[in-house]
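Chain and residue survey
The chain contents come next:
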Amino acid sequence: MVTPLVAVVAVLAAVLQPSGAFLPTSLNYSDPAVEDFFCPSQMSENTWDHKAITREALRREVRRFLLESVSGTNVTVIIPEDASLTQIFRAYYGPTASPTRFIKAVNSITWSNAMTEAAGHLRFQTAYHMDGESLLKGHELLQGRYQELVGSVVMDQAYPFARELLGTSLNGIQDFYSQTTWVELGRDGILEGLGLPGVNLKDVAGPSDPVCTSCDPPMEECKDNVIPGSLKLQYNTQRRRSVLKRQFNYSEAGVS
């Protein structure tokens, strides 16, 4: 059996598991002030925000980790694929085990993720969100935070701080898939090495490099306007309205 702090240890692998999100928490898009902008009538699938996607990614990752931890042993653990966090915990530790600390650990990660998007001192830091032409800087931030995250667990056993760092990093990884042209370029997998030490991102568009053609009229939804060719990843203000109008239908890798 692994330690009760499995929420931290198992979730470390989730840094490598990207997911997609746009808002820190659920938005009441029926509000007349934003209803027309977000086009709720066009939303035919489940909607996901940073907290929801992070929680689901952690649920899947912890389940996978626990099942793998007993693989090849004489211990039998059955965890249904759709098991809740509480059910996953009790399937492993026993039906009377309290999942309170585990749930609090998950909640702290999801909250840190959301606050990276919503907190005043971070919400306008473009590198944290892979926008404003700050993709390479965002990648460097993830790399530095990865080292700090591993050190805080392995060396310092500073688990609350590690969970805070993990939530912040997951926010940046999620934003990568929503703030760049990765999806528009037809990529349906993950970007290997994103945020990992020693990895250099290639074929990143510079501030003056075109990544798409202009929309006409500019305020209508843009389709198929990304310039093909080498991989070009860049926040594109010309397509921002189009992305926002369909953002709730996205569920990139990690949540599908």
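A few points on the structure. (Residues numbered from 1 in each chain as written. Predicted model: local features only at pLDDT ≥ 70, side-chain atom pairs only at ≥ 80, totals over all residues. Heavy atoms only, no water.)

This next bit is on the overall build of the protein chain. Helices and strands together make up the secondary structure of the protein chain, namely eight helices and zero strands. Expressed as a percentage of its 256 residues, the buried residues of the protein chain come to 45%. If you take every contact in the protein chain between residues at least 6 apart in sequence, the share linking residues at least 24 apart comes to 71%. Here the protein chain displays about 13,200 Å² of accessible surface, and carbon together with sulfur accounts for 51% of that area. (Helix = DSSP H or I, 4+ residues; strand = E, 2+ residues; numbered from the N terminus. Buried < 20%, exposed > 50% of the residue type's maximum accessible area, 1.4 Å probe, protein only. Contact = heavy atoms within 4.5 Å. Areas by Shrake-Rupley, 256 points an atom, 1.4 Å probe, with all protein chains shown as cover.)

The α-helix winds at 3.6 residues per turn, so residues separated by three or four positions along the chain end up facing the same way. Between its first and last C-alpha atoms helix H6 (residues 135–154) spans 29 Å; for 20 residues at 1.5 Å apiece the expected length is 28 Å, and the two agree. Those residues of H6 that fall on the buried side of the exposure criterion are Leu135, Gly138, His139, Leu142, Gln143, Arg145, Leu149, Ser152 and Val153. (Expected span 1.5 Å × (residues − 1).)

Moving on, we get to the packing of aromatic side chains. Following the criterion strictly, the structure yields six aromatic pairs and no others. Taken together, a centroid distance of 5.8 Å and an interplanar angle of 55° make the contact between Phe176 and Trp182 tilted. Like Phe176, the residue Trp182 is buried in the burial classification. On the basis of an interplanar angle of 85° and a centroid distance of 6.0 Å, the ring pair of Tyr177 and Trp182 is categorised as edge-to-face. (Phe/Tyr/Trp six-rings, centres within 6.5 Å; stacked < 30°, edge-to-face > 60°.)

Turning to the nonpolar core, a few remarks are in order. With 23 residues, the main nonpolar core has Leu66, Ile79, Ile88 and Phe102 as its most contacted residues. Among the secondary structure elements, those contributing two or more residues to this core are helix H3 (50–70), helix H4 (85–93), helix H5 (100–118), H6 and helix H7 (159–179). It is H7 that provides the largest number of residues to this core, a total of five residues. Counting residues in each nonpolar core, the second largest holds 10 residues, with Met130, Ile173, Phe176 and Tyr177 among its members. (Core = buried A, V, L, I, M, F, W, Y, C linked by side-chain atoms within 4.5 Å.)

Let us look at the pattern of salt bridges. Overall, the coordinates contain four salt bridges when judged by the stated rule. A salt bridge links Arg59 to Glu56; the shortest N-O distance between them is 3.0 Å. One end of the pair is Arg59 and the other is Glu56, both in helix H3 and three residues apart, which spans about a single turn. When its relative accessible area of 13% is taken as the criterion, Arg59 is described as buried. A salt bridge links Arg64 to Glu61; the nearest nitrogen and oxygen atoms lie 2.3 Å apart. With a gap of three residues between them, Arg64 and Glu61 both fall in helix H3, about one helical turn apart. Residue class for Glu61 comes out buried when judged on its relative accessible area of 6%. When salt bridges that share partners are traced, they join Glu56, Arg59 and Arg60 into one network. (Salt bridge = Lys/Arg side-chain N within 4 Å of Asp/Glu carboxyl O.)

Turning our attention to unusual backbone geometry. Backbone geometry at Met130 places phi at a positive 60°, although glycine is not the residue there. Note on placement: Met130 falls in the loop between H5 and H6. One non-glycine residue, Gln157, lies in the positive phi region at around 55°. As for its placement among the helices and strands, Gln157 is situated in the loop between H6 and H7. Residue Gln157 is classed as exposed on the basis of its relative accessible area, which comes to 53%.

This part takes up the layout of surface pockets. Roughly 250 Å³ of volume is contained in the second largest pocket. Lining the second largest pocket are 17 residues, with Thr116, Leu122, Tyr128, Glu164 and Thr168 positioned closest to its centre. The set of elements that each furnish at least two residues to the lining of the second largest pocket consists of H5, H6 and H7. If one sorts the elements of the lining of the second largest pocket by residue count, H6 sits on top with five residues. Here the residues of the lining of the second largest pocket are counted per class, giving eight nonpolar, five polar and four charged. (1 Å grid on protein atoms, 1.4 Å probe; cavity = no way out; pocket = protein on both sides within 12 Å on 5 of 7 lines; lining within 4 Å. Points joined across faces, edges and corners; volume = space filled by probe spheres on them. Nonpolar A, V, L, I, M, F, W, Y, C, P; charged D, E, K, R; others polar.)

These results come straight from atomic positions and should not be treated as a statement about function.
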